[in-house]
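Understanding the architecture of this molecule
Now for the letters of each chain:
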Amino acid sequence: MKEAHHGEGDEKTYKFGMVIDLDKCTGCGACMVACMAENNISFRKDETDKLRSNFWMRVYKISNGLPFPDTEVSYIPRPCMHCEGYDHHHATPCVSVCPATVTDYNHETGIVSQIYTRCFGCRYCMAACPYHVRVFNWWDPRWPKGMEKYLNPDVSVRMRGVVEKCSFCFHRYQRAKNKAYAEGRRELREDEYQTACTQACPAGAITFGDLNDPHHKVYKLKKDPNAFRLLEKLGTNPKVYYVSTTDWVRKASDAYTGKQGEGVTPG
Amino acid sequence: MDSASAPFDSALIPKGVKRCQFKWFLLWIAILHGPLTIGVIATLMCWGLALNVTYLNNNYPFGLWIAADLGIIALGAGAFFTGFLRYIVKIDELKHIVNFAVIVGVVCYAAAQGILGVDIGQPLRGWFIFWHANVHSMLTEVAFCITCYFMVLCVEYLPLILENRQIYKFGFPRGFAHHLHEAMPTIAAIGVFLSFFHQGSLGGVPGVLYGRPFAFREGFLVWPWTFFLFILSAIACGPCFTILITRITEGFARKRLVKRNVIDILAKISGRLLALYLVLKTIDTVYWIATAGKVGAPLSSFYANQPYGYWVLITELGIFGVIPCILLLIKATRQNENILILACFLNCAGIFMNRWIMTVQALAVPVMPFDKFVSYHPNWVEYASTLLFVWAGAIVISLSYRYLPIFSQEKELNPI
């Protein structure tokens with residue numbers, strides 16, 4: 001443990017991100033299920049009101065709008081974008097607005113955190129997020145009898161009246177980091193820290209890793225000529241990339257800046 | 001006054017003025033308690049059962065409450081701005097209405113804080129905004145300035161309470177009230193400083209949302225243009241709200257309480273400020289249309305979803321902007337009692353509409369291209385808990401009017 005403390009000053013910093021291959025995504029929803037189970041996301045008996053459902057990972061279905069037989073659909077899994085902000089915006093849209101410093105941009109990992117016990121539910125961060133990533137607990141969480149025994153002990157459950165969102169399974173990062181420290185290492189291997197949705201995707205559409213590390217798969221994938229990010233033009237600078245070989249899908253994401261493959265922060 | 005016809009509580013009523021019989025006053029207060037009770041029930045439902053009892057949802061985290069909050073604070077700007085004109089610009093005639101403007105301000109700011117107390121998901125943690133303050137957040141600035149300014153308003157209100165006939169008999173309250181009056185220019189200056197900041201910060205709340213092109217505005221240093229527009233629109237509308245409430249109070253009292261020339265000064269200033277605001281708002285709108293297009297959000301995308309069509313823009317700037325502005329600027333229309341009331345009403349409605357647009361409509365416009373528009377309208381719980389503060393405010397104003405010497409021209413205008 002002594003060594004671990006010594007290392008804290010010059011620790012490696014990461015920029016964790018995701019590349020989602022929309023050509024591979026079948027829209028099965030396994031990522032959503034895995035996310036809910038992993039992160040103790042509450043649900044209700046009646047989930048018909050989707051505007052009040054809690055999803056950290058949500059799969060959108062989009063269509064090219066053409067009639068049969070030319071109809072095409074694509075699915076867009078949407079976790080938190082863990083935006084970095086750029087230029088004069090500097091900060092993540094939600095981080096800069098939160099009045100109680102509940103949400104923070106972690107420069108060690110590039111992950112946007114949320115401290116549930118500090119959130120008082122003003123929902124300003126939800127208004128700031130253009131991706132609808134943040135959800136509010138409109139009810140107290142309730143699990144079917146017995147199911148509370150299966151909750152993940154590494155993730156705190158959230159009470160009503162607070163905002164929550166995808167954390168890139170930050171508890172897994174902490175666990176992996178602890179293990180690495182115990183083994184006397186300061187760096188994580190790519191496979192040591194993976195999000196639940198990444199591991200659950202049966203088609204292997206989601207790839208997760210350090211966007212700055214040339215040895216990680218995401219580093220190469222984000223440079224794919226067909227890679228893009230959602231709402232590129234706003235300047236939120238998200239860390240979730242999408243790859244699609246279909247033109248209309250890329251255009252439908254409002255990211256057709258003509259700069260694909262450049263790693264893409266708009267000027 | 002004939003002692004037989006004097007109200008039961010006449011010992012508490014200021015000397016030289018006439019008030020209705022106590023039973024009628026009690027009946028009026030009891031009537032106000034009807035809708036107030038419904039509001040209390042709605043508030044308790046929000047606190048007890050959580051915010052699922054409203055029509056808010058994840059697409060509309062802001063709804064009636066936030067729009068009302070911003071609107072009420074703008075309407076309450078009459079307090080600080082009248083104080084500014086009276087104590088700093090030294091327009092002496094305004095001393096006859098500044099007391100009432102303060103009371104209206106107290107009510108508005110108390111209402112704004114009360115509504116926020118219902119709106120937040122964890123009211124018991126409301127103090128976290130001060131404890132864990134994020135200095136980069138516009139909402140933090142709003143919270144600090146509103147709280148401080150509310151305290152200033154209470155200090156301004158206090159001497160009026162101490163001037164109640166029975167309290168004033170005692171030496172200490174009388175002396176304290178006197179000293180507070182002496183310090184009023186300084187207190188008013190503090191109030192002006194705080195108010196400029198929080199009115200502006202409220203404009204900054206939507207203006208900094210760069211993920212929402214509808215609301216986002218560029219600006220000067222850390223302040224988006226909405227920061228300045230909100231200040232200007234608030235001081236253009238606040239005096240009109242003070243006039244409106246004065247006239248409503250006069251309507252219930254069935255007598256004149258403030259001289260025509262005092263009202264006219266406020267109306268004239270309001271009209272000129274509204275004209276300046278409309279010019280700047282028009283420039284802002286043109287610039288906004290041009291810059292929003294660059295981030296892939298053309299004007300048509302903002303107004304593509306009913307009920308938020310182009311009519312919103314036209315109504316806000318035209319019907320609730322240009323029309324009251326013209327009516328307030330022209331002496332003949334301004335001095336016509338009915339037209340003045342209409343102009344004040346349109347001006348205040350315009351402020352409310354602007355605050356709704358900058359908060360609720362800003363969220364209504366889908367940003368992700370594959371996102372669908374969903375509509376929102378408040379339910380009875382939201383209406384009742386918002387109106388609760390209107391009824392409570394009416395009670396505060398009624399009590400103040402009956403027992404405190406607010407209107408210094410009342411005796412002169414209504415000799416007994």
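Here's a quick rundown of the structure. Note that the structure is predicted; figures quoted are calculated from it, not measured.

Check the secondary structure of chain B and you find 15 helices and 2 strands. Compactness check: chain B gives a C-alpha radius of gyration of 22 Å against a globular reference of 22 Å for 416 residues, within 12% of the reference. Considering only C-alpha atoms, chain B reaches an extent of 75 × 50 × 35 Å along its principal axes. In chain B, which comprises 416 residues, the proportion classed as buried is 48%. Taking the intrachain contacts of chain B between residues at least 6 apart in sequence as the baseline, contacts between residues at least 24 apart amount to 79%.

All names here are of chain A. Tracing the backbone shows Glu232 in the loop between strand S9 (227–228) and strand S10 (240–243). On the basis of neighbour count, Glu232 is assigned to the buried category, with 22 C-beta atoms found within 10 Å. Taking the C-alpha atoms as reference, Glu232 lies 8.6 Å from Ser253; in sequence the two are 21 residues apart.

This part takes up the packing of helix H8 (residues 225–253) of chain B against helix H13 (residues 337–364) of chain B. All names here are of chain B. It is at 8 Å that the axes of H8 and H13 come closest, and there the two elements cross at 140 degrees. On the basis of the axis angle, H8 is oblique to H13. Relative to H13, H8 is oriented so that their crossing is left-handed. When H8 is examined against H13, the residues Thr226, Ser233, Cys237, Cys240, Phe241, Ile243, Leu244 and Arg247 are found in contact with a partner set consisting of Ile341, Cys344, Phe345, Asn347, Cys348, Ile351, Asn354 and Met358.

Before going further, it helps to examine helix H11 (residues 311–329) of chain B. All names here are of chain B. In this model H11 runs 25 Å from its N-terminal to its C-terminal C-alpha over 19 residues, within 8% of the 27 Å that 1.5 Å per residue would give. Gly321 marks the point of greatest bend in H11, at about 25 degrees, and the proline Pro324 comes within the next four residues. On its buried face, H11 sits against helix H9 (260–294), helix H12 (331–334) and H13.

With that out of the way, let us pick up the sheet that holds strand S1 (residues 16–21) of chain A. Residue and element names in this part refer to chain A. Strand order in the open sheet made by the 4 strands is S8-S1-S10-S9, with mixed pairing throughout. Looking at the sheet topology across the chains shown, the edges are occupied by strand S8 (206–210) and S9. By the bridge criterion, 5 bridges tie S1 to S8 in an arrangement that is antiparallel. Along S8, the bridge assignment pairs Phe16 with Asp210.

A few words now on the interface of chain A and chain B. Facing the 43 residues of chain A at the interface are 36 residues of chain B. Examining the composition of the side of chain A that touches chain B, we find that 4 residues originate from one element, helix H4 (residues 124–128) of chain A, more than from any other. When its residues are assigned to classes, the side of chain A that touches chain B shows 27 nonpolar, 9 polar and 7 charged.

Residues and elements named next belong to chain A. Along S1, 6 of the 6 residues are buried, which leaves the element largely enclosed by surrounding structure. Alternating residues of S1 divide into Phe16, Met18 and Ile20 and Gly17, Val19 and Asp21, and every residue in both groups is buried. Note: S1 against S10, 4 bridges, orientation parallel. In the sheet register, Ile20 faces S10, and the bridge partner there is Tyr242.

About the cut-offs
Residues numbered from 1 in each chain as written. Chains lettered and ligands numbered in written order. Predicted model: local features only at pLDDT ≥ 70, side-chain atom pairs only at ≥ 80, totals over all residues. Helix = DSSP H or I, 4+ residues; strand = E, 2+ residues; numbered from the N terminus. Rg over C-alpha atoms; globule rule 2.2 N^0.38 Å. Buried ≥ 20, exposed ≤ 12 C-beta atoms within 10 Å, placed from the backbone. Contact = placed C-beta atoms within 7 Å. Axes fitted to C-alpha atoms, helices over the stretch in contact; angles between N-to-C directions. Parallel < 35°, antiparallel > 145°, perpendicular 65-115°, else oblique. Left-handed = near helix turned anticlockwise from the far one by under 90°. Expected span 1.5 Å × (residues − 1). Bend = angle between axes of the 7 residues up to and from the residue. Pairing = 2+ DSSP bridges. Nonpolar A, V, L, I, M, F, W, Y, C, P; charged D, E, K, R; others polar.

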